[in-house]
Each structure stands twice: as C-alpha cells, then as structure tokens.
Amino acid sequence: MRYPVILLIGVWLCCSCEPDYNFVQQGKASYYGRFFLGKKTANGEKYHIDSMTAAHRHLPLGTHVLVTNLANQKQITVRINDRGPYVKGRIIDLTPRGADSLGFKEKGTTPVEIKALLPQPTADSLLQLLNIATK
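Source: prediction; values computed, not measured.

### Some points on the overall build of the chain
Then, number 1: The helix and strand inventory of the chain stands at two helices and eight strands.
Then, number 2: Each helix and strand of the chain, placed in order from N terminus to C terminus, yields the pattern β-β-β-β-β-β-β-α-β-α.
Then, number 3: Put simply, the chain has 135 residues, and 36% of those count as buried.
Then, number 4: Intrachain contacts of the chain at a sequence separation of at least 6 include 68% that bridge at least 24 residues.
Then, number 5: Roughly 8,400 Å² of accessible area belongs to the chain as shown, and the carbon and sulfur atoms make up 55% of that amount.

In structure tokens form, the structure reads like this:
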C-alpha cells in the first residue's frame, strides 16, 4: 500500500492513517431511511435522511467518495460516517437524499461505482500540519 506524502514548508510528512485514494469499487447501492432517523451512526453522529453521508463496510470513517450511478451517469459526493450495508451484493448505503440525487430512490437499488477522493485541505488541517512540522 502506498501512503500519501505531503511537502509542507520543507518538511515531508507521511500520512499512513489515510485511506487508499486509488480505491475504486463497483456494485449495488441502496439507501436506508426513516427507521434509522436520529439513531447514532458508527462515528457517533445522528443519522439524518437529508445529509449527504453513506455507510460502507470498511472505508475509513470520514472518507469522501464520488458515487456514480452507472445506469444514468449521475454523480454525487458523500462522506462515509457509518458501517454497512449488510445485504449481500450491496457496497454502499446512502441516505434518501443521496438516492434521490442519483435518481434511484423509487427503484431502491442501482449499480454504482465509488471512488475515494483526496481530502480538500482546510485552514485547520493546514495549521495542524504546520504545528507537527515545527515540533
């Protein structure tokens, strides 16, 4: 496994805890709905049907993934905050909002491709790296 390496102010940092950004997977997507409303997800957040989050069996929590509906080529980006799906043949569970955005809410499932995305740096994350690099 390759780990991303970052050059920041002349210091190389290896981020071995990061997800594999070459991760690509194809399979079926489904969604989980109102029964889980308000219940805690795997990362401790409360599940909300209008959020752009998803459940995946093993991607690190917090990973952002690009989900492409292979039936109509619609795409969304979601953040993994829960574990699942627990139905054979399914690779990701989305919220109803995610399913609606991809155009398969009425159908229930659809073939998808998911790709892990590089995180977008924030001011806080850059300050944290700066603090690590200067210690």
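### Concerning the sheet that holds strand E7 (residues 90-94)
Either a parallel or an antiparallel arrangement is found when strands of a sheet pair, and the pairing is made through backbone hydrogen bonds.
Then, number 1: With respect to topology, six strands assemble into a closed barrel ordered E3-E7-E4-E6-E5-E8, the strand pairing being mixed. Each strand of the sheet is rotated relative to its neighbour by a mean of 45°, with strand direction disregarded.
Then, number 2: Bridge analysis of strand E5 (residues 64-69) against strand E8 (residues 109-116) gives five bridges, and the strand direction is antiparallel. If you follow Asn69 over to E8, its bridge partner there is Val112.

### Overview of the side chain of Thr95
Then, number 1: Among the secondary structure elements, Thr95 is positioned in the loop between E7 and helix H1 (96-102).
Then, number 2: With residues near it in sequence (within four places) discarded, Thr95 still touches Tyr31, Tyr32, Tyr47, His48, Ile49, Ser51 and Thr53.

### Considering the nonpolar core
Then, number 1: Of all hydrophobic cores here, the largest spans 19 residues; its most connected members are Val65, Val67, Val78, Ile92, Leu94, Val112 and Ile114.
Then, number 2: Every element with two or more residues in this core is listed here: E5, strand E6 (75-82), E7, H1 and E8.
Then, number 3: Among all residues touching Ile92, those that are not within four sequence positions of it are Lys28, Ala29, Ser30, Ala54, Ala55, Val65, Val67, Val78, Ile80, Pro85, Val112 and Ile114.

### Observations regarding the pairing of E5
Then, number 1: Here E5 pairs with E6 via five bridges, running antiparallel. Of the residues in E6, the one forming a bridge with Thr68 is Gln75.
Then, number 2: Linking E5 to E6, which pair antiparallel, is a turn of five residues; within it Gln73 sits at a positive phi near 65°.

Cut-off values and rules
- Residues numbered from 1 in each chain as written.
- Predicted model: local features only at pLDDT ≥ 70, side-chain atom pairs only at ≥ 80, totals over all residues.
- Heavy atoms only, no water.
- Helix = DSSP H or I, 4+ residues; strand = E, 2+ residues; numbered from the N terminus.
- Buried < 20%, exposed > 50% of the residue type's maximum accessible area, 1.4 Å probe, protein only.
- Contact = heavy atoms within 4.5 Å.
- Areas by Shrake-Rupley, 256 points an atom, 1.4 Å probe, with all protein chains shown as cover.
- Pairing = 2+ DSSP bridges.
- Axes fitted to C-alpha atoms, helices over the stretch in contact; angles between N-to-C directions.
- Core = buried A, V, L, I, M, F, W, Y, C linked by side-chain atoms within 4.5 Å.

Note that every value here comes from positions in space, so none of it alone points to a role or purpose.
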